[in-house]
Amino acid sequence: MDLKREIDINKVPTHVAIIMDGNGRWAKQRGKDRIYGHKEGANSVKAVIKAALEINIKYLTLYAFSIENWQRPKQEVDALFNLLIQAIEQESSFLVENNIRFMHIGIKQGLSMDILDALKRVEQMTNKNDKLNLIIALNYGSRIEIIEAVKKIALDIKNGELILDDINENIFSEYLFTKNIPDPDLLIRTSGEIRISNFLLWQLSYTELYFTPTLWPDFRERDFYEAIIEYQRRERRFGKISEQL
Ligand code: IPE
Ligand code: IPE
Ligand code: MG
């Protein structure tokens, strides 16, 4: 059965964000090293990007590494970053060919020159593309993002570039890493964990949440389309009642 045909193409979410979780457990179930799960997870990333292109999603945000993830064993962190650099380098031509704009959100502090250069290069290479915006949350934390925004706002006020009474939700959003990116319509988290893990706390305030027990390396096109179909069954009321919509 072709699941894609069940999707109403006129009502696809503009922005889908994903907490890609469960790589370690996937590997452990197979008696393998956690890194093996991260490698297979990279194949899911590619599959989901292709699926998003197929149904005209405009923004896809993938949570690849949280600030909290630095607390993992060094060997795992190093392997993860090697995989990330490799994937970014190898897939840059795929991004160009498919008119995908690549963007990084997160803090630079703590990232090696290698990764910073790779991110910058691919961002520049793809900055005119407009079919799909692919946002990688790497070295990302939502609370630090909000604190950084507050600091920048304070500085702008001090320098006379911003007036206190002008601050509103729209202005505040412009100080976040996600400036110019619409809030997610749908958040998917794999692996059965029902939590947000310091991801897009401000931006998710009216996002539809979708949790699936599927582990990230098993999450492919079909699973992505299932999430979209479930999203299309929801009624987003934004505080109103059904009759007003
Ligand atoms: C998600 O899988 C990938 C990252 C957080 C980088 P995990 O590595 O968290 O896998 P589990 O949750 O331990 O199974
Ligand atoms: C969240 O997954 C971060 C990423 C997917 C990159 P974790 O596996 O780190 O989340 P917790 O620590 O279990 O909440
Ligand atoms: Mg995890």
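One can find the structure itself at the top, above this paragraph.
What comes next is a walk through the structure. This is a predicted model, so every value here is computed, not measured.

Another point: the overall build of the protein. The secondary structure content of the protein amounts to 7 helices and 6 strands. Starting at the N terminus and ending at the C terminus, the protein contains elements arranged as β-α-α-β-α-β-α-β-α-α-β-β-α. In terms of overall size, the protein behaves like a compact globule, its C-alpha atoms giving a radius of gyration of 19 Å where 245 residues would be expected to give roughly 18 Å. Overall size of the protein, expressed as C-alpha extent along the three principal axes, is 60 × 50 × 35 Å. Burial statistics for the protein: of 245 residues in total, 46% are counted as buried.

Within the secondary structure, Ala 27 sits in helix 1 (residues 23-29). Judged by relative accessible area, which is 0%, Ala 27 ranks as buried. Note: C-alpha distance between Ala 27 and Gly 37 (10 residues apart in sequence) is 4.7 Å. Discounting chain neighbours no more than four positions away, the residues touching Ala 27 are Lys 32, Asp 33, Arg 34, Tyr 36 and Gly 37.

A separate point is the pairing of strand 5 (residues 186-189). Residue alternation in strand 5 divides its side chains into two sets, Leu 186 and Ile 188 and Leu 187 and Arg 189, and both sets are buried. When strand 1 (residues 15-19) meets strand 5, the two strands line up parallel, connected through 4 bridges. Opposite Ile 18, over in strand 5, you have Ile 188 as the bridge partner. Relative to strand 6 (residues 208-211), strand 5 runs parallel, the two sharing 4 bridges. What sits directly across from Arg 189, in strand 6, is Phe 211.

This part covers the site of ligand 2. Surveying the vicinity of ligand 2 reveals the residues Ile 19, Met 20, Asp 21, Tyr 63, Ala 64, Phe 65, Ser 66, Asn 69, Arg 72, Arg 189, Arg 195 and Ser 197. Within the side chain of Asp 21, an N or O atom sits 3.1 Å from an oxygen atom of ligand 2. Measuring from an oxygen atom of ligand 2, one finds a side-chain N or O atom of Arg 72 at 3.2 Å. Here ligand 2 loses 78% of its free accessible area of 390 Å² to cover by the protein chains. Counting residues per element, the shell around ligand 2 draws most heavily on strand 2 (residues 59-66), at 4 residues. Of the residues belonging to the shell around ligand 2, the class tally is 5 nonpolar, 3 polar and 4 charged.

This part covers unusual backbone geometry. A positive phi is found at Asn 56, a non-glycine position, where the angle reads about 65°. Given a relative accessible area of 42%, Asn 56 falls into the partly exposed group. For Asn 180, which is not glycine, the phi torsion reads 70° and is therefore positive. Mapped onto the secondary structure, Asn 180 falls in the loop between helix 6 (169-174) and strand 5. We classify Asn 180 as exposed; its relative accessible area is 66%.

What counts, and at which threshold
- The residue numbers shown here count from 1 along each chain, following its written sequence.
- Each chain gets a letter, beginning with A, and each ligand a number, beginning with 1, in the order they are written.
- In keeping with the model being predicted, local features are shown solely for residues with a pLDDT of at least 70 and side-chain atom pairs are shown and tallied solely at 80 or more, while totals for entire chains, interfaces and linings include all residues.
- Side-chain measures were taken over the full set of non-hydrogen atoms in the model, leaving aside hydrogen atoms and water.
- Put simply, DSSP H or I for four residues or longer makes a helix, DSSP E for two residues or longer makes a strand, and each gets a number counted from the N terminus.
- The reference for a compact globule is 2.2 Å times residues^0.38; the radius of gyration itself is calculated from the C-alpha atoms.
- Throughout this description, buried means an accessible area under 20% of the type-specific maximum (1.4 Å probe, protein chains only), exposed means over 50%, and partly exposed covers the range between.
- We call two residues in contact when some of their heavy atoms are within 4.5 Å.
- Pairs of strands are assigned from DSSP output, requiring at least two bridges between the strands.
- Think of it this way: one heavy atom of a residue within 4 Å of a molecule or strand is enough to make that residue near it.
- Counted as a polar contact is a pair of N or O atoms within 3.5 Å, where, for protein atoms, one must be capable of donating a hydrogen and the other of accepting one, and residues adjacent in sequence contribute only when both atoms are in side chains.
- Only the protein chains shown count as cover for residues, with accessible areas throughout obtained via the Shrake-Rupley method and a probe of 1.4 Å.
- Residue polarity follows a fixed list, in which Ala, Val, Leu, Ile, Met, Phe, Trp, Tyr, Cys and Pro are nonpolar, Asp, Glu, Lys and Arg are charged, and the others, Gly among them, are polar.

Without other data, these values stay purely geometric and don't point to any function.
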